[in-house]
Amino acid sequence: MLIRLAQLLHSRRDLFERFGEGLVEFGIRGLGLAAQRVAGAFARGPRGVSDVVGGYPHFGSLAVKGLEALDTADFARKIRAAFSPCCLGTWPTPLESHPVLAARTGVPELWIKREDRSSALYGGNKVRGLEFLFRDVGPGDVVVTIGGWGSTHCLATARHARALGAQAVLAQFPQGHSDSEARTSRASGSVARRTFAASSWTGFPLEWLQAWSLAGRLGRRVYIPGGGARPVAVLGHLLATLELAQQLSAPPDAIVTALGSGGTAAGILLGCSLLGWPTRVFGVRVASRLVANRWKVESLARRALRLMISRNVPLLHAPTSPPLSVVAGSFNE
Ligand SMILES: Cc1ncc(COP(=O)(O)O)c(C=O)c1O
C-alpha cells in the first residue's frame, strides 16, 4: 500500500481520486504549522478531500489530561440510545497510518481514516449523518433533498433511502460539469424516483417546488436539507470523533475535513470539545461562503450540543472551545 502511495505521489496522480468517491480522512502528528501545510495541500486538490489528524507529542498520552477516565465507547452508546439512529454503516471505519504521505507533507505522523469504507452500499461521510436523519424513515416514505449536479449527498441519500424501502426525489442546482459529476448524476438518477435538475440558478426554485409537490403525492414526505446539515446529523460525525479517541493514543494536533454544508466539521468540532481535546479543526471550503463558513459550523455544533442536553445525554465533562480554522478550498466564487 505504501509503495503504491509513493508511486501515486511520484507520478503526481491525484491521490484522492484514486481513493474513490468517498471521504478520505488524513491524520498527522506534528507541531507548528504542519497541519496548516497539509490543509493547504488538500485545499488545492479536488473535492475528494480529507480529514487530517495530528498529535500533541507533549501530551504523551490521554492520561496526562486525565482523559483516561473518559469512557468514549459508553458515551457513544448513550448518544445512540438517546436518538435511536438507524443502521446504515459499518463502524468503526479503519484508521490507517501513512508514513510516506506524512514525509511528503513534512509531518512526523499522518493517518487516513477510511470513511469511504463506511458502507458497502455507498460510503463516505454522509452515511453518519443519514443514520440519524433516517431514524424514522421506512417503506412508504419519500425523502426529498437538494444538492448540486452530481451531488454525492443526493446519491447517498437516494441509495440509503431505497435500502430502507423509501423513495427519494431530488432537486439539483447547477454546479459545473465533470466526469465525476456525470458518473454521480447517472448513479443517483438510476436510484432516485425522480431528479429535477435545474439548468440555471433562476430555474432552481421551480424544480425544487416540483420535487416537493411530487414527493407529497407519492407518500409521507421527509425533507433532508442540502448536505444533510441538521443538528441531529452532526451527532453522527461526533461519533466519528469518539471513534478516533479509541483509535489514537493521544489527542491530535489537527483534524482537517472538507467543509461543505458544515455538519461534518461541526461534529468533529463538537467531538473535540466534549473530549477536551485542544485539537485545531480545519475546514477546507468546497462550497460557497454562504453555506460553508465558521458561523454555520459553530452554530450547528452548538445546536447539536443543546439537542444532546435536551435528551439528557450525560456529557463527559464541561465542553471546551477547540479552535476552528476555515481554509479556502477548491470552490471558485
Ligand atoms: C469528501 C467530502 N468530505 C466531506 C465533505 C463535507 O461535508 P459537509 O457537507 O458535512 O460539510 C464533503 C462535502 O462536499 C465531501 O465531498
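What you see as residue numbers is a count from 1 along each chain, following the sequence as written. Local features in this predicted model are restricted to residues whose pLDDT is 70 or higher, and side-chain atom pairs enter the listing and the counts only when it is 80 or higher, whereas totals over whole chains, interfaces and linings include all residues.

**A look at the confidence of the model for the protein chain**
A residue's pLDDT is the confidence the predictor assigns to it, expressed on a 0 to 100 scale. For the protein chain, mean pLDDT is 83; residues scoring 70 or higher make up 78% of the total. Going along the chain from the N terminus, every DSSP run of H or I of four or more residues is numbered as a helix, and every run of E of two or more is numbered as a strand. For the protein chain, per-element mean pLDDT is lowest for helix α2 (residues 15-19), which scores 32, and highest for helix α6 (residues 126-133), which scores 98. We call two residues in contact when their backbone-placed C-beta atoms lie within 7 Å. This stretch, residues 1-32, has a pLDDT under 50; its non-local contacts, to residues over four places away or in other chains, come to 92 contacts. Overall, residues 44-68 carries pLDDT values under 50, and its contacts beyond four positions in sequence, including any with other chains, amount to 87 contacts.

**Quick word on helix α11 (residues 263-275)**
Relative to the 18 Å expected for 13 residues at 1.5 Å per residue, α11 spans 18 Å between its end C-alpha atoms, a close match to the ideal helical length. Backbone-placed C-beta atoms define the burial measure: a residue is buried with 20 or more other C-beta atoms within 10 Å of its own, exposed with 12 or fewer, and partly exposed in between. For α11, the tally of buried residues reaches 13 of 13 residues, placing the bulk of the element in the interior. Positive phi shows up at G276, right after α11, with a value of about 75°. Given a helix with a known number of residues, its expected span is that number minus one, times 1.5 Å.

**Digging into the sheet that holds strand β7 (residues 220-224)**
Spatially, the four strands line up as an open sheet ordered β6-β5-β4-β7, and their pairing is parallel. Of all strands in the sheet, those with a lone pairing partner are β6 (194-197) and β7, marking the two edges. Within the sheet, the average angular offset between the axes of one strand and its neighbour, ignoring direction, is 20°. Note: two strands are recorded as paired if DSSP finds a minimum of 2 bridges between them. One ladder, built from five bridges, connects strand β4 (residues 141-148) with β7; its direction is parallel. By the bridge assignment for β7, D141 is matched with R220. An axis is simply a line fitted to the C-alpha atoms; with a helix, the fit covers only the stretch in contact. Between two such axes, the angle follows the N-to-C directions and lies from 0 to 180 degrees.

**Focus on the pairing of strand β8 (residues 254-259)**
Along β8, six of the six residues are buried, which leaves the element largely enclosed by surrounding structure. Looking at chain direction, β8 and strand β9 (residues 280-285) are connected through six bridges and run parallel. Within β9, the residue paired with V256 across the bridge is F282. Consider the strands pointing away from the viewer: the crossover is right-handed when the path from the first strand over the helix to the second runs clockwise. In this region the chain leaves β8, passes through α11 and returns to the parallel neighbour β9; the handedness of that crossover is right-handed.

**Quick look at the environment of P94**
Relative to the helices and strands, P94 is located in the loop between α4 (72-83) and β2 (95-97). By C-beta crowding, P94 is classed as exposed, having 12 other C-beta atoms within 10 Å. The spacing of P94 and S118 is 24 residues in sequence and 8.9 Å in space, taken between C-alpha atoms. Contact partners of P94, with chain neighbours within four places excluded, come to R114 and R117.

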